[in-house]
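So the chains spell out like this:
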Amino acid sequence: MTEQGHNEMTGGEALARMLLAHGAGPIFGMGGFQLLPFYDAARRLGLNHNLINDERCGVFAADAYAKVSGRVGLVDATLGPGATNLVTGLVEALNAGSPVVAIVGDTHREHAWKNMTQEARQAEILRPAVKEVIRAESVARLPELVRRAFTVATTGRPGPVALIVPEDVAHGTHGFADDAFTADPRYQAAPALRTRPDADSLAKAAAMLTQAERPLILAGGGVHLSQAADVLHAFAQAQGIPVAHTMSGKGAIPCTSPLSAGLFGRYDRIANDMIAQSDCLLVVGCKLGEIATKRYTVPAPGKTLIHLDCVAEEIGRTYRPSLPLWGDAREGLRDLATALEGRAVPEARKAWGAEVVTRMAKWRETARARLESDEVPVSMGRLMGTLNAGLPEDAILIADGGFAAHWGGLLYDQPRAGRGFVPDRGFASIGYGLPGAIGARLAAPDRAVVALTGDGGFNMVLGELETARRMGLALTVIVVNNAASGYVKALQHLMYGEGAYQSSDLAETNYANAAEALGCRGIRVEHPDRLA
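Anyway, here's the lowdown on the structure attached to this text.

Procedures and definitions
- Residues numbered from 1 in each chain as written.
- Predicted model: local features only at pLDDT ≥ 70, side-chain atom pairs only at ≥ 80, totals over all residues.
- Heavy atoms only, no water.
- Phe/Tyr/Trp six-rings, centres within 6.5 Å; stacked < 30°, edge-to-face > 60°.
- Helix = DSSP H or I, 4+ residues; strand = E, 2+ residues; numbered from the N terminus.
- Buried < 20%, exposed > 50% of the residue type's maximum accessible area, 1.4 Å probe, protein only.
- Lys NZ or Arg CZ within 6 Å of the ring centre and 35° of its normal.
- Salt bridge = Lys/Arg side-chain N within 4 Å of Asp/Glu carboxyl O.
- Expected span 1.5 Å × (residues − 1).
- Arc of directions from axis to C-beta.
- Polar contact = N/O pair within 3.5 Å; in protein donor to acceptor, adjacent residues only side chain to side chain.
- Contact = heavy atoms within 4.5 Å.
- Axes fitted to C-alpha atoms, helices over the stretch in contact; angles between N-to-C directions.
- Parallel < 35°, antiparallel > 145°, perpendicular 65-115°, else oblique.
- Nonpolar A, V, L, I, M, F, W, Y, C, P; charged D, E, K, R; others polar.

Here the focus is the packing of aromatic side chains. A complete count under the given rule lists 6 aromatic pairs for this structure. Plain terms: the ring middles of phenylalanine 38 and tyrosine 39 are 6.0 Å apart, the flat faces sit at 80° to each other, and that makes the pair edge-to-face. Between phenylalanine 403 and tyrosine 487, the ring centres sit 5.3 Å apart and the planes meet at 85°, which makes this aromatic pair edge-to-face. Placement of the pair is phenylalanine 403 in helix H16 (residues 403–411) and tyrosine 487 in helix H20 (residues 486–496), with a sequence separation of 84 residues. With relative accessibility at 29%, the residue phenylalanine 403 sits in the partly exposed group. The ring of tryptophan 113 carries arginine 121 above its face, with NZ or CZ at 4.8 Å from the centroid.

In structure tokens, the structure reads:
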């Protein structure tokens, strides 16, 4: 099996073989001495391992790969600064519910706490950023612990797991049994296991929805984690229930559907007024956090609300529901559809659904001037209008933190159900756009991938253009260049007035030239007529 003897191999090779057993997709990492046996095995065994220029970007790429594919995203890092650089991306995955496994090197155990180079209390640093920290204490246990990492990452609310591998475990050897490197294929993707709401609660929910004349579904990112968009779309159509969504929930139904009420919360088209007028809200896979609730003011207190979520402790955390439904979004919606079969839809609900079309048409008319603006510099409204008109139906739009996600969440009209809009709303860190596009492109190589980012976020990750070029990935990065940390500057303007800006301006930079210098094609657009 190896040149070292019958089933005798290093811990690094055992890691690689267990990743292969789990059907590993692309891996992003930056090597160090501690994990060199793993890298060597990756080379020999044909793992799709890719050097990244910054470990945080490695997690962002793994996270976007997981969001788009549903499969486990993989990243590795050496000890110390490699491990600590993972934290921002891991928290994004933790808050967003993305299944990610991070393999992290550590010091040789015989020399730990003797001022080893780059040594840190990295397990303690990583622990709050992941679902679980697993430390391998023997070569022999590596297959078991890799299985554990994939199981934790893909079950319950999916999320990241850190597998810490000390130097002597990665470099040490063990003679493994012939059947050591096996894995249950269900744990290759999330959700690996699903739970359903109890029958009594389902019956109550069905009764509440049957009576509702103005029901409204509030869809969050959990719809996509559950791969429930098509089921939700069919449910909404069958029951004549309009759907509003969070930024992460965009694509729960097509934005062009006559039942789509668009984004709700801090930014909305028509949804917040419909929430206020609704007589029954069905929340699906949504944490009802600050942005989605306009800092906990939407919905107003006292609304009739059913909350379906796979994480019981999230139900009631920010809004007390009339009825909690603990279960998987897809299976819960299927069970609700079955419970509602044969029941008449209230006549008044048809007029309620028709209101969506009327209100959305009025909103589009008010937004037309922005979406078709000839302003110079190019306005965000015109940019989004051009993307709506020009992107393929199955395109994936990666939205960086800050204004990119806000404008994209509000104005992008995703034409079909499913994950086509990918913002980093778990942590809302800027710098996600480019590495997110790398991960998305690997997850969906036949779909067009476009990243929307600001100049501040792009500055953080510019070096990953080299990564994308080296990997031969065809993707588009749109850099909105306003020579500012735009969101912060806008807040300063709002709070302190024009000219009262501090540390929010950037130097004007020609990013097309920067892209060309890195071997990529760069296009600078200064007039809206050149956008298309």
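So, about the pattern of salt bridges. The final tally for this structure, using the stated rule, is 33 salt bridges. Across the salt bridge formed by arginine 43 and aspartate 40, the nearest N and O atoms sit 2.6 Å from each other. On the criterion of helical spacing, the pair formed by arginine 43 and aspartate 40 is a turn pair, its members being 3 residues apart in helix H2 (residues 36–45). Residue classification places arginine 43 among the exposed positions, given a relative accessible area of 59%.

Residues three or four positions apart in an α-helix share a direction because the helix packs 3.6 residues into each turn. Under the 1.5 Å per step criterion, the end-to-end length of helix H9 (residues 199–211) is 19 Å for 13 residues, consistent within 8% with the ideal 18 Å. Of all the positions in H9, only Ser201, Leu202, Ala205, Ala206 and Leu209 are classed as buried. Axial view of H9: buried residues confined to an arc of 135°, hence all on one face. In H9, those exposed residues whose orientation departs by more than 90 degrees from the buried face are Asp200, Lys204 and Gln211. The N-terminus of H9 is capped by aspartate 198, whose side-chain oxygen sits 3.3 Å from the backbone nitrogen of aspartate 200.

As for its position among the elements, phenylalanine 38 is in helix H2. Residues phenylalanine 38 and alanine 14, spaced 24 residues apart in sequence, show a C-alpha to C-alpha distance of 8.0 Å. Apart from residues lying up to four places away in sequence, phenylalanine 38 is in contact with Gly12, Leu15, Ala16, Leu19, Ile27, Leu47, His49, Asp76 and Ile103.

Next up on the list: the packing of helix H3 (residues 55–69) against helix H5 (residues 87–96). Orientation of H3 relative to H5, taken along the N-to-C sense of each, is 25°, at an axis distance of 7 Å. Between H3 and H5, the angle falls in the class roughly parallel. Contact residues: Arg56, Val59, Phe60, Asp63 and Lys67 in H3; Thr88, Gly89, Leu90, Glu92, Ala93 and Ala96 in H5. Taken together, the residues of the contact of H3 with H5 break down into 5 nonpolar, 2 polar and 4 charged.

It is worth stressing that arrangement in space is one thing and function is another; only the former is reported here.
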